[in-house]
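Residue strings, one per chain:
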Amino acid sequence: MHLKFITVLSLLVVFISCSKEPAIMKVPKMDDQPESLVFSQITDWSFKTNGEIYGNAAVSEDKIFIGNNEGSFFCLDMNGAEVWSLATGFPIKSEPVFSNSLVMFSAANRLFALNSSDGSLFWMHEPDETKRNSYVNRFDDWDLKDSSPIVSDGVVYYGNQFGTLYGLDIRTGVEVFNFKTTDNRRIRVKPAISENLIYIGDSGGKVYAIDLSTAKADWIFETLLNAEDDGGSIIGEMVIIRNRLYFPSQNTILYALDKNNAEVLWEHESTSGWHSGIPVVDENLRLYAGENFTSRLFGLDELSGEESWTFEGIHEIYNAPVIVGDKIVLATSDPSSLNNNSLGTGILHVLRNTGEGLKRATINGSVYASPKIAGNKLIFGAKDGFVYAVNLEKLLAE
């Protein structure tokens, strides 16, 4: 297969020829401060674990699965009671995935597959490169999460810090797929799969579309030439909506690419930080994505990337907002908790999809995980080690 290699510089002529006058940024006018809520009064339950939580929870019909930085993995029921737990001995900073009665998660360059009913180990993937090399929990202050697994057609895929994307047979844990990034750059993102391609990004600023049949790159897109690990890393998650691939990066740009050929459809640049949040799109084709240093959430036109409004919240954004009707729920994290032992505080923001801030509540620990909806509850873990279930009716009531 002919490999298509695309760089930002090679597309410069296209950008110039298609350039328009910049849109005027609209900042919502807020006459009053958002209503302050007491977090304990909108929380149905909380569950204390034995370590800080960075990864997302996974929610099934009646169970919640989540891991923490001390290597403990928990299964809770919808009332917050522990069903079972497992001590792996390795930090868990990934989002679990479940399939065929198994729940799977990555931890320290390994993949665990557990029986979802009782937590017993079904299989564990520990490749030779993991056995030979030590796991590095944090390469920098913002290295908060490991690559989360994704399942397609009976195969579970996950990346590691040695630049390897593995595919394993769910039934046996046997390796059936292997791809290496350029110069073995780390994979910290959750992949996305569309048709016969899997999409990943690496710590060197490259994005790959890899053929699942051949394990060869169909195309490679460079966000920055010669990017350093902390200057152009692809972070968070690869997100595919229709034929578009979205991903945040540490070079301040949120990209929208044609997933088939890596054509740049639009870029949105953050002028005060970098795009650290995970983008989501609502039914009206509005895209929402956040940044870190100035705590802004952007409301963008999904088709053009034009900025409609910005919301300036409190603290930094390293996750995905949640869309509930015409409202957006956003959880943020205290920057002081990134590089020290402080738990910091998290802020739960509620705003309209026009960018108007409505409510906010303070949480006892920074929130780096993306909240998940489970019935009438919002489930997420925080750096204080708690799993929280927020009552959506109480949170959103006007």
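Let us look at the structure shown here. (Residues numbered from 1 in each chain as written. Predicted model: local features only at pLDDT ≥ 70, side-chain atom pairs only at ≥ 80, totals over all residues. Heavy atoms only, no water.)

All right, on to the sheet that holds strand E12 (residues 150–152) then. If you trace the four strands from one edge of the open sheet to the other, you get E12-E13-E14-E15, paired in antiparallel fashion. Looking at which strands have only one partner, the edges of the open sheet turn out to be E12 and strand E15 (175–180). For this sheet, the mean angle separating the axes of adjacent strands, direction not counted, is 20°. Here three bridges tie E12 to strand E13 (residues 155–159), and the two strands are oriented antiparallel to one another. Considered in E13, the bridge of isoleucine 150 is made with tyrosine 157. (Pairing = 2+ DSSP bridges. Helix = DSSP H or I, 4+ residues; strand = E, 2+ residues; numbered from the N terminus. Axes fitted to C-alpha atoms, helices over the stretch in contact; angles between N-to-C directions.)

Pairing is antiparallel in the open sheet, where four strands are placed in the order E20-E21-E22-E23. Two strands in the sheet have a free side with no partner beyond their single neighbour: strand E20 (239–241) and strand E23 (264–269). Here the average twist between neighbouring strands, direction ignored, is 20°. One ladder, built from three bridges, connects E20 with strand E21 (residues 244–247); its direction is antiparallel. Bridge pairing in E21 links isoleucine 240 to leucine 245.

This part covers the pattern of salt bridges. This model, assessed by the stated rule, comprises 17 salt bridges. The salt bridge partner of glutamate 398 is arginine 352, with a shortest N-O separation of 2.7 Å. Of this pair, glutamate 398 sits in the segment after helix H4 (392–396) while arginine 352 sits in strand E30 (residues 346–352), and the two are 46 residues apart along the sequence. Exposure remark for glutamate 398: the relative accessible area of 69% places this residue in the exposed category. Among the ionic contacts, a cluster of salt bridges with common partners joins Asp326, Lys327, Arg352, Glu356 and Glu398. (Salt bridge = Lys/Arg side-chain N within 4 Å of Asp/Glu carboxyl O. Buried < 20%, exposed > 50% of the residue type's maximum accessible area, 1.4 Å probe, protein only.)

This part covers the nonpolar core. Counting residues in hydrophobic clusters, the biggest one holds 32 residues, and the most contacted among them are Leu165, Phe177, Trp219, Phe221, Phe247 and Leu257. Among the nonpolar cores identified, the runner-up in size contains 21 residues, and Ile241, Tyr288, Ala289 and Leu297 belong to it. (Core = buried A, V, L, I, M, F, W, Y, C linked by side-chain atoms within 4.5 Å.)

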